[in-house]
Amino acid sequence: MASVAGFSTFMPSLSCHKPNQTLTRASNFNAVSLAINGKSFPSLKFSSAPSRFRVSCAATPETVNKVCNIVRKQLAVPEDTAVTGESKFATLGADSLDTVEIVMGLEEEFGISVEEESAQTIATVQDAADLIEKLVSKK
C-alpha cells in the first residue's frame, strides 16, 4: 500500500491496494509511505520546492521535422524509409562520423553550438530536437 500525504492533509484516495494499480498523477505532496509485500518503509520526505520551477517539454513538431529533414539528407535515407522523432541514428545507418556531421548540420541550421558531452547523448531524432530547443532557449 502506498500513501501520499499533502502539505497538511492525508489523501487516502491516492492509496494503491492492488499490484496493477499505479498512481498516474499527484500534486502538492511532501511525503510518501510505502508498504511492499507486507514490509513497511519509512516515509520519504521531499525538500521544499522553490517558488518557481521550469517544466521541460518535448520539442515542437517544426523542430522535429527540421531535424528529420537534416538527418534524411545527411544519411541519404531513401524516401520510402520513415524518419520520425523515435528514429535512432544507428538504425538509420549512422556511424560516429555520420553523427558528428548531423550535429554540424544542426548547428548550422539552428545557429547553435553543441558541446561534445551533449552531442554524445544524442541517439534519436527526438533527442536532437529536444537538445536544440534547450540550446535555442538559452540564446
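Rules of the game
Residues numbered from 1 in each chain as written. Predicted model: local features only at pLDDT ≥ 70, side-chain atom pairs only at ≥ 80, totals over all residues. Heavy atoms only, no water. Helix = DSSP H or I, 4+ residues; strand = E, 2+ residues; numbered from the N terminus. Buried < 20%, exposed > 50% of the residue type's maximum accessible area, 1.4 Å probe, protein only. Contact = heavy atoms within 4.5 Å. Areas by Shrake-Rupley, 256 points an atom, 1.4 Å probe, with all protein chains shown as cover. pLDDT = per-residue confidence, 0-100. Axes fitted to C-alpha atoms, helices over the stretch in contact; angles between N-to-C directions. Parallel < 35°, antiparallel > 145°, perpendicular 65-115°, else oblique. Left-handed = near helix turned anticlockwise from the far one by under 90°. Nonpolar A, V, L, I, M, F, W, Y, C, P; charged D, E, K, R; others polar. Patch = residues over 30% accessible without salt bridge, like charges linked within 9 Å, V, L, I, M, F, W, Y side chains within 5 Å. Salt bridge = Lys/Arg side-chain N within 4 Å of Asp/Glu carboxyl O. Expected span 1.5 Å × (residues − 1). Arc of directions from axis to C-beta. Polar contact = N/O pair within 3.5 Å; in protein donor to acceptor, adjacent residues only side chain to side chain. Core = buried A, V, L, I, M, F, W, Y, C linked by side-chain atoms within 4.5 Å.

### Description of the overall build of the protein chain
And then number 1: Within the protein chain, the secondary structure is distributed over four helices and three strands.
And then number 2: Overall, the protein chain shows an N-to-C arrangement of helices and strands of β-β-β-α-α-α-α.
And then number 3: Across the 139 residues of the protein chain, 30% fall into the buried class.
And then number 4: A separation of at least 24 residues holds for 47% of the contacts in the protein chain among residues at least 6 apart in sequence.
And then number 5: Carbon together with sulfur atoms contributes 54% to the accessible area of the protein chain, which is approximately 10,100 Å² in total.

### Overview of the confidence of the model for the protein chain
Interpretation of the predicted coordinates at a detailed level should be avoided for regions scoring low in pLDDT.
And then number 1: Model confidence for the protein chain is summarised by a mean pLDDT of 75, while 59% of its residues fall at 70 or above.
And then number 2: Element-level mean pLDDT values for the protein chain span from 43 in strand S1 (residues 2–6) up to 96 in helix H1 (residues 61–75).
And then number 3: A low-confidence stretch, residues 1–26 stays under pLDDT 50, and its non-local contacts, those more than four residues away or across chains, total 41 contacts.

### Concerning the packing of H1 against helix H2 (residues 96–110)
Two numbers describe a pair of packed helices, the interaxial angle and the distance between the axes.
And then number 1: In contact at an axis separation of 10 Å, H1 and H2 are set at 135° when each is read in the N-to-C sense. In terms of orientation, H1 and H2 fall into the oblique class. The interaxial crossing formed by H1 with H2 has right-handed handedness. Facing Thr-63, Lys-66, Val-67, Ile-70, Val-71, Gln-74 and Leu-75 of H1, the residues of H2 in contact are Asp-98, Glu-101, Ile-102, Gly-105, Leu-106, Glu-109 and Phe-110.
And then number 2: A per-class count over the contact of H1 with H2 returns seven nonpolar, three polar and four charged.

### A look at a nonpolar patch on the surface
And then number 1: Together, Leu-97, Val-100 and Met-104 give the surface a local cluster of nonpolar side chains, amounting to about 290 Å² of exposed area.
And then number 2: Mapped onto the elements of the fold, Leu-97 is located in helix H2.
And then number 3: Since its relative accessible area comes to 52%, Leu-97 is described here as exposed.

### Comments concerning H2
And then number 1: For H2, built from 15 residues, the straight-helix expectation of 21 Å at 1.5 Å per residue is met to within 8% by its first-to-last C-alpha distance of 21 Å.
And then number 2: Where H2 is concerned, the buried positions are Asp-98, Thr-99, Ile-102, Val-103, Gly-105, Leu-106 and Phe-110. For H2, the buried positions fall inside an angular range of 160° around the axis, keeping them on one side. Facing away from the buried side of H2 by more than 90 degrees, the exposed set consists of Leu-97 and Glu-108.
And then number 3: With a side-chain oxygen positioned 3.1 Å from the backbone nitrogen of Leu-97, the residue opening H2 is Asp-95.

### A short note on the nonpolar core
And then number 1: If you look at the biggest cluster of nonpolar residues, it comprises 26 residues, and the most contacted ones within it are Val-67, Val-71, Phe-89, Leu-106 and Val-125.
And then number 2: Within the residue set of this core, elements represented by two or more residues are H1, H2 and helix H4 (125–138).
And then number 3: Once residues within four sequence positions are removed from consideration, Val-67 is found in contact with Leu-106, Phe-110, Val-125, Ala-128, Ala-129 and Ile-132.

### Observations concerning H1
And then number 1: Given a rise of 1.5 Å per residue, 15 residues ought to cover 21 Å, and the 21 Å separating the end C-alpha atoms of H1 matches this to within 8%.
And then number 2: Burial in H1 covers these residues: Thr-63, Val-64, Val-67, Cys-68, Ile-70, Val-71, Arg-72 and Leu-75.
And then number 3: Of the surrounding elements, those touching the buried residues of H1 are H2 and H4.
And then number 4: Residue Ala-76 follows H1 closely and has a positive phi angle near 50°.

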